[in-house]
Amino acid sequence: AASDHQGTSFVEIYQNCNIFNDGAFSELTEKKTKDETQLILEHEKPMIFGADHNKGLILEGAGFKIVQIGDKYSVDDVLKHNMYDKNLAMLLSEITYIPELPVPIGILYQENKPTYEQMMDDQIQQAIDSKGKGDLEKLIIGNNPWTVE
């Protein structure tokens, strides 16, 4: 998605370094633990995780709370991800600092707007449409040419 997006994208990569940081992300990558520590984000789908898909996130105040899906909470109570909600994205970006919460993986936030290049091309086309195509020779000669004999 980052590659297909027109404009700037930020991609964070969790990569193991055998020399300086061996095993730093093992909780996120090991088969035994990754279901409990990863929150796979999908637009407009509930934020559910866990080996049995029985845990979800709800908002409690200004932060996330993990709930067990079953008796007290249902899938309908779980917060749905919206990749166009900047406030939700800010909250999601902060949960990596809270060890008991899962690490979000996927598109946290996406904003669709024209790129600088698109806006510049549009501005140039508007100028051509209103003033006509430029003439470099006429521009160099100017409005008051004079001849030296």
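Keep in mind that this is a model prediction, so the values were computed, not measured. (Residues numbered from 1 in each chain as written. Predicted model: local features only at pLDDT ≥ 70, side-chain atom pairs only at ≥ 80, totals over all residues. Heavy atoms only, no water.)

J.: Quick question: what am I supposed to make of the packing of aromatic side chains here?
T.: For any pair of aromatic rings, the description rests on two quantities: the centre-to-centre distance and the angle between the ring planes. One pass over the full model with this rule turns up one aromatic pair. Centroid distance Y14 to F25: 4.9 Å. Interplanar angle 65°. Geometry classified as edge-to-face. Of this pair, Y14 sits in the segment before helix 1 (26–29) while F25 sits in the segment before helix 1, and the two are eleven residues apart along the sequence. When its relative accessible area of 33% is taken as the criterion, Y14 is described as partly exposed. Judged by relative accessible area, F25 falls into the partly exposed class, the value being 23%. (Phe/Tyr/Trp six-rings, centres within 6.5 Å; stacked < 30°, edge-to-face > 60°. Helix = DSSP H or I, 4+ residues; strand = E, 2+ residues; numbered from the N terminus. Buried < 20%, exposed > 50% of the residue type's maximum accessible area, 1.4 Å probe, protein only.)

J.: How should the pairing of strand 3 (residues 55–60) be read in this particular structure?
T.: As a general feature of sheets, a regular strand has side chains that alternate between the two faces. Summarising the sheet, strand 2 (residues 48–49) and strand 3 pair through two bridges and their orientation is antiparallel. Its bridge partner being in strand 3, F49 is matched across the sheet by K55. Adjacent in sequence and paired antiparallel, strand 2 and strand 3 are bridged by five residues, among which G50 carries a positive phi angle near 105°. Note that strand 3 and strand 4 (residues 63–68) share six bridges and pair antiparallel. Residue pairing for strand 4: E60 is matched across the bridge by G63. Taking the residues that link successive antiparallel strands as the turn, the strand 3-strand 4 hairpin has two residues, and the phi of G61 there is positive, at about 70°. (Pairing = 2+ DSSP bridges.)

J.: Help me out: how do you make sense of helix 4 (residues 116–131) in this one?
T.: Residue pairs three or four apart in sequence face the same way in an α-helix, which turns once every 3.6 residues. Between the first and last C-alpha of helix 4 there are 22 Å, a value that for 16 residues agrees with the 22 Å anticipated at 1.5 Å per step. Following helix 4 by one or two positions, G132 has its phi on the positive side, about 85°. (Expected span 1.5 Å × (residues − 1).)

J.: Explanation requested: the sheet that holds strand 4 in the structure shown.
T.: Backbone hydrogen bonds are what pair the strands of a sheet, in a parallel or an antiparallel way. Taken in spatial order, the three strands make up an open sheet running 2-3-4, and their pairing is antiparallel. In this open sheet, the two edge strands, each paired with only one partner strand, are strand 2 and strand 4.

Remember, this is a structural readout, not a statement about activity or role.
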